[in-house]
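# Chain and residue survey
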Amino acid sequence: MRIVRFCRTLDEKPGVNWTLSRQLLRSGTSVGANVEEGKGSQSRADFCSKYSIALKEARESLYWLRVIKETNTAAGVELAGLLQEADEIVRVLTAIVKKVKAKPAD
C-alpha cells in the first residue's frame, strides 16, 4: 500500500516521474499479488513458482526505487523507508524460496 501512495506523489509531476511511477507501481503491487497466489497454491511446486515470481518483482521494485533515488526524482524519509522495506522483502522472499527449493519433495 505504501508503494501505491508513493506512486501517487510521483504522478503529480509529468514526464519521467510518471513513467517511473508506472514501472514501480506494476512491480510493487505484483509482489503482494503473487504472495497471495502462493498462499493458495495447490502444490509445493506451485508455491515455489509464485514466491519466485514475487521475489523477481520485489527485486525489480528495489531497482526502480534505486533509480528514483539516484536520479533525484524523489527523496526523503518515505523513499528511504521504501528502499529499506524492499530490501527486507527481497531478503525474506529469497530465504523462503531457497528453503522450499532445498527441501526434498514429499
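Up top you'll find the structure we're talking about.
By convention here, each chain's residues receive numbers from 1 onward along its written sequence. With the structure being a predicted model, the display of local features is reserved for residues of pLDDT at least 70 and the display and counting of side-chain atom pairs for 80 or more, all residues being used for whole-chain, interface and lining totals. Neither water nor hydrogens contribute to the side-chain values; these are computed over all heavy atoms in the structure.

Ring geometry is summarised as follows: Phe, Tyr and Trp rings, the Trp one being its six-membered ring, pair when their centres sit within 6.5 Å, and such pairs are stacked at plane angles under 30 degrees, edge-to-face over 60 and tilted between the two. What the rule picks out here adds up to two aromatic pairs. Summarising the aromatic geometry, the rings of Phe47 and Tyr51 are spaced 4.2 Å apart at their centres and angled 25° between planes, so their arrangement reads as stacked. Of this pair, Phe47 and Tyr51 both sit in helix H3 (residues 44-70), four residues apart, roughly one helical turn. Residue exposure (1.4 Å probe, protein chains only): buried if accessible area is under 20% of the type maximum, exposed if over 50%, otherwise partly exposed. Here Phe47 falls in the partly exposed class, since its relative accessible area comes to 22%. Assessed through its relative accessible area of 8%, Tyr51 is described here as buried. Numbering of helices and strands runs from the N terminus; a helix is a DSSP stretch of H or I covering at least four residues, while a strand is a stretch of E covering at least two.

What follows concerns the environment of Thr19. With respect to the secondary-structure elements, Thr19 resides in helix H2 (residues 16-39). Linking Thr19 and Ala33, residues 14 residues apart in sequence, is a C-alpha distance of 22 Å.

Ranked by internal contacts, the top residues of the largest apolar core, which has 27 residues, are Phe6, Leu24, Leu65, Ile68, Leu79 and Leu93. Broken down by secondary-structure element, the contributors of at least two residues to this core are helix H1 (2-11), H2, H3 and helix H4 (77-102). If one sorts the elements of this core by residue count, H3 sits on top with ten residues. Excluding its chain neighbours within four sequence positions, the residues that come into contact with Leu24 are Ile3, Phe6, Cys7, Thr29, Ser61, Trp64, Leu65 and Ile68. Joining through side-chain atoms within 4.5 Å is the link that ties buried Ala, Val, Leu, Ile, Met, Phe, Trp, Tyr and Cys residues into a set, and such a set is a nonpolar core. By the convention used here, residues are in contact when the closest approach between their heavy atoms is within 4.5 Å.

Keep in mind that these numbers describe shape and distance, not what the molecule does.
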